[in-house]
Each structure stands twice: as structure tokens, then as C-alpha cells.
Amino acid sequence: HEDPVREMLVVGRNPDDCKVLFVISPIVADTVEEARAKQKRWLNDPLFIEYTLAEISSITEVDFSQFDLDKELPEVWTNGERGSLETFVRRGKGKTLRELVTDDGGMAGAVPFVGTPDTVAEQMGSVMEEVGGDGFLMTSPVMRLNRRYVTEITDGLVPALQKRGLTRTTYTTDHLRDHLREF
């Protein structure tokens, strides 16, 4: 779309109601080294590899399970979502399918938020300052949503973001839609 503000006005919507949120999966630990080690363990987990390939398969309509993980990805074509496939394939030049998934978690262009709560909060603030947007939608790294992960985010990362003024400390409305409009 060439002018999203104009399009919002044409359909009778307030352009300020259109929010841009970036989906991220931060990995935090007590030290940067521990967070990087955790990321490496998770990226090399066979379940992560399987899930990531299933996810890209569902988007592109290419069954990646048919390919050998330890060989370079052959030429593929789809009637499905071509942009995602082209990005995935372009990053795969000279890499095995396993390397393609584990080198960056299968996330094209994503910023890896990995470190201590303070370093990740700082990275998030820097990215938002540079690219703009209205915030982040946090999800867990593939197959890692558990009490420990939630606690690391809620007790570690969120206070670090609040300390920097990057997220609220209280809510003034009752509904998610209204919370989002406050940004």
C-alpha cells in the first residue's frame, strides 16, 4: 500500500488506531554469555529445527521435510507465499538446510534480542528509536513457553524496560484495544 494513512481515512478509520508491532522472541539470562549459550542450545534442538521448517512450510506451501537437513537446499518453487520463500532461499545460498535454520533461527531480518535483561532492553529501545513503530509483541522462542521463560521476561526484562520508560507500569483502561491505542 502506498499511503496507509490515506487508506485508513478512506475507510473511515482513525490512522492513529493502526499500530505497528514487531514480533520478537527475546532470550535473557543473568549474563550475556549464558543467554548466548541458551540461544545456541535452543537453535540446535531437533524440535526447534522441525518446528521452524514446519512453520516455513506452512507459509510457503513447500514441504521442507522432504529435503536432507545436511545438504544444501535445492531449487524450490511454490504457488504459495513467494516473498517468504525467496527470502529463505536467498539466505540459504551455500548453507545446508540445518545451517539455514540454526544460524539465525529461520528469522529473516530479525534482530536477535539475546543478553541480560538490561542489554536486551537497551537493544529494544535502540531498535524502536531507529525504525519507529508502536511496540513489540513478545512471544517465546519456538517450543520454549514455560513458567521459567515467562518469569525471565516478567521479572527481568519488563522491569528493565520500565526503568528506561519503554513500557508502562500501570494500565488506565480495561480493554486490550484501548491499551494499544494509548501508544
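Quick note: structure is the one above.
Attention here is on the structure that accompanies the text. Not measured: the values here are computed from a predicted model. (Residues numbered from 1 in each chain as written. Predicted model: local features only at pLDDT ≥ 70, side-chain atom pairs only at ≥ 80, totals over all residues. Heavy atoms only, no water.)

1. Structural notes on the overall build of the chain
Here is the rule: Numbering of helices and strands starts at the N terminus; helices are DSSP runs of H or I of at least 4 residues and strands are runs of E of at least 2. Each residue is assigned to one of three classes by its accessible area relative to the maximum for its type, calculated with a 1.4 Å probe on protein chains only: buried under 20%, partly exposed between the two thresholds, exposed over 50%. In this analysis, two residues are considered to be in contact whenever any of their non-hydrogen atoms come within 4.5 Å of each other. Reported accessibility uses the Shrake-Rupley method at a 1.4 Å probe radius. Residues are deemed covered only where the shown protein chains occlude them. Positive charges come from Lys and Arg, negative ones from Asp and Glu, while His and the chain ends are left out of the count. All charge positions are set by atom: Lys at NZ, Arg at CZ, Asp at CG, Glu at CD.
For the chain, the helix and strand inventory stands at 8 helices and 4 strands. Each helix (α) and strand (β) of the chain, taken in turn from the N terminus, gives the series α-β-β-α-α-α-α-β-α-β-α-α. By its C-alpha atoms, the chain is 55 × 50 × 30 Å across when sized along the principal axes. Residues classed as buried in the chain amount to 32% of the 183 residues present. In the chain, once contacts between residues fewer than 6 apart in sequence are set aside, the share between residues at least 24 apart is 57%. For the chain, the computed accessible surface area is about 12000 Å², with 51% contributed by carbon and sulfur atoms. Of the charged side chains in the chain, 22 are positive and 32 negative; the average position of the first set lies 3 Å away from that of the second.

2. A short note on unusual backbone geometry
Despite not being glycine, E61 has its phi angle at roughly 65°, a positive value. Relative to the assigned elements, E61 resides in the loop between α3 (46–60) and α4 (82–91).

3. Concerning the side chain of T96
Its location among the elements puts T96 in the loop between α4 and α5 (97–104). Here T96 is in contact with L69, D70, K71 and E72, once residues within four sequence places are set aside.

What is shown is where atoms sit, not what they do.
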